[in-house]
Amino acid sequence: MNPIEKVLKECSVMVLDGALATELESHGCDLNDSLWSAKVLMENPELIKEVHSDYFKAGADCAITASYQATIEGYAERGLNKVAAIELMKKSVQLAVEARDEFWDVTANRLNRPMPLVAASIGPYGAFLADGSEYRGEYGLSEDELVDFHRERMKALIEAGADILACETIPCLIEAKAIVRLLKEFPGVYAWISFSAKDGLHISSGESIAACTEWLNEHEQVAAVGVNCTPPSYISTLIKALSGHTKKPIIIYPNSGDVYNPTDKTWEKSTSKEHERSFLQWYEDGARLIGGCCRTTPEDIKEISSWAQMELRSNN
Ligand SMILES: [Zn+2]
């Protein structure tokens with residue numbers, strides 16, 4: 001059975017974690033860097049483990065590892081050879097597994113919740129470029145080239161013992177196709193595919209989310225489909241667009257609604273009231289995995305998990 005199916009058998013909603021980078025920054029890390037949180041993997045791995053622990057304590061049923069921007073190519077630019085880069089990718093999984101196992105060793109932490117999963121983050125090609133193209137998806141690469149780009153990291157993350165792969169912020173269908181094709185080289189491994197969206201109906205490239213979802217339907221190793229790193233105001237419409245076209249669990253982890261400026265790598269605080277989150281609404285629309293992306297914190301996750309405990313798990 002795939003790991004998400006297993007969790008959703010136990011409880012009606014799976015709570016994901018929130019932003020890793022935002023938490024690392026609030027602990028004093030300078031992430032204004034093309035490697036982003038992958039830089040902290042090199043410099044301060046224990047802090048990453050601490051942030052994973054904080055999210056488990058806040059109620060997350062899943063940790064997403066610090067490998068989003070960790071690539072052989074990216075680390076090579078810092079003078080690391082391939083062996084060292086692969087070690088760091090594996091380290092990202094080990095840190096989350098250690099945090100999860102230590103958390104789960106305490107009996108009191110197991111009350112009324114499933115054992116948390118470790119999802120290994122696979123960021124898009126655009127995240128390696130670090131130029132914001134993960135929100136546009138115009139890479140000019142072929143599907144074959146994208147398969148080659150993703151292969152080594154996917155292999156390393158699987159070997160390190162991740163429970164599932166979090167293929168996230170995917171801006172275009174061709175990259176989802178490349179990832180799914182690559183997944184077939186690793187039978188028995190499951191992944192979720194989560195797109196970044198530009199509005200309530202289209203992923204970042206402009207392709208219809210309904211069409212992308214339909215393409216994913218027939219692939220058994222895809223354990224959930226959905227959207228992340230997208231303003232909360234689009235989420236409800238996106239879930240409705242997804243739910244009409246798939247039977248797979250729908251995953252959503254929007255950002256906080258603050259707007260990222262990829263050129264100077266800063267955030268503008270959202271002033272709109274539109275980004276008020278409504279977990280119950282999202283659940284009723286069909287979402288089954290709910291969490292937060294950029295600029296969300298353990299406090300946000302605590303809000304989601306408290307809601308889930310109260311509304312959905314109280315009868316268990
Ligand atoms: Zn994000």
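Attention here is on the structure that accompanies the text. (Residues numbered from 1 in each chain as written. Predicted model: local features only at pLDDT ≥ 70, side-chain atom pairs only at ≥ 80, totals over all residues. Heavy atoms only, no water.)

## Regarding the pairing of strand β3 (residues 117-122)
Successive residues of a regular strand alternate their side chains across the two faces of the sheet.
And then number 1: By the criterion of burial, β3 is predominantly enclosed, with six of the six residues buried.
And then number 2: Side chains Leu 117, Ala 119 and Ser 121 of β3 all project onto a buried face; the interleaved residues Val 118, Ala 120 and Ile 122 project onto the opposite face, where all are buried too.
And then number 3: As defined by bridge partners, strand β2 (residues 62-64) adjoins β3 across three bridges and the pair is classed as parallel. Bridged to Cys 62 within β3 is Leu 117.
And then number 4: Summarising the sheet, β3 and strand β4 (residues 164-170) pair through four bridges and their orientation is parallel. (Buried < 20%, exposed > 50% of the residue type's maximum accessible area, 1.4 Å probe, protein only. Helix = DSSP H or I, 4+ residues; strand = E, 2+ residues; numbered from the N terminus. Pairing = 2+ DSSP bridges.)

## A closer look at the coordination of the zinc ion
And then number 1: Taken together, the protein donors to the zinc ion comprise Cys 229 (SG), Cys 293 (SG) and Cys 294 (SG), at separations of 2.2 Å.
And then number 2: Of note, the donors binding the zinc ion are all from one chain and are spaced C-x63-C-C. Linking Cys 229 in the loop between β6 (222-228) and α11 (235-243) with Cys 293 in the loop between β10 (287-290) and α13 (298-311), this pair joins segments that are 64 residues apart in sequence. Each member of the pair, Cys 229 as well as Cys 293, carries the same accessibility label: buried. (Donors = N, O, S within 2.8 Å, 3.2 Å for Na, K, Ca; no water.)

## Thoughts on the environment of Gly 226
And then number 1: Checked against the element boundaries, Gly 226 lands in strand β6.
And then number 2: On the basis of relative accessible area, Gly 226 is assigned to the buried category, the value being 0%.
And then number 3: Measuring from C-alpha to C-alpha, the distance between Gly 226 and Ala 197 comes to 9.7 Å, with 29 residues separating the pair along the chain.
And then number 4: Excluding residues that lie within four positions of it along the chain, Gly 226 makes contacts with Ile 193, Ser 194, Phe 195, Leu 242 and Ile 251. (Contact = heavy atoms within 4.5 Å.)

## Quick word on helix α10 (residues 209-217)
And then number 1: Within α10 the residues assigned to the buried category are Ile 209, Ala 210, Cys 212, Thr 213 and Leu 216. Relative to the axis of α10, the buried residues are bounded by an arc of 160° and lie together on one face.
And then number 2: Those residues of α10 hidden inside the fold are in contact with α9 (173-183), β5 (191-195), β6 and α11. (Arc of directions from axis to C-beta.)

## Side note on the pattern of salt bridges
And then number 1: Inspection of the entire model under this criterion finds 14 salt bridges.
And then number 2: Of the charged contacts in the structure, one is a salt bridge between Asp 33 and Arg 78, with a shortest N-O distance of 2.8 Å. Within this pair, whereas Asp 33 is found in the loop between α2 (21-26) and α3 (37-43), its partner Arg 78 is found in the loop between α5 (72-76) and α6 (82-105), the two being separated by 45 residues in sequence.
And then number 3: Classification of Asp 33 by relative accessible area gives buried; the value is 16%.
And then number 4: The partner of Glu 138 in a salt bridge is Arg 136, and the shortest N-O contact between them spans 3.5 Å.
And then number 5: By relative accessible area, Glu 138 is classed as exposed at 61%.
And then number 6: The structure contains a network of salt bridges with shared partners spanning Lys 49, Glu 98 and Glu 102. (Salt bridge = Lys/Arg side-chain N within 4 Å of Asp/Glu carboxyl O.)

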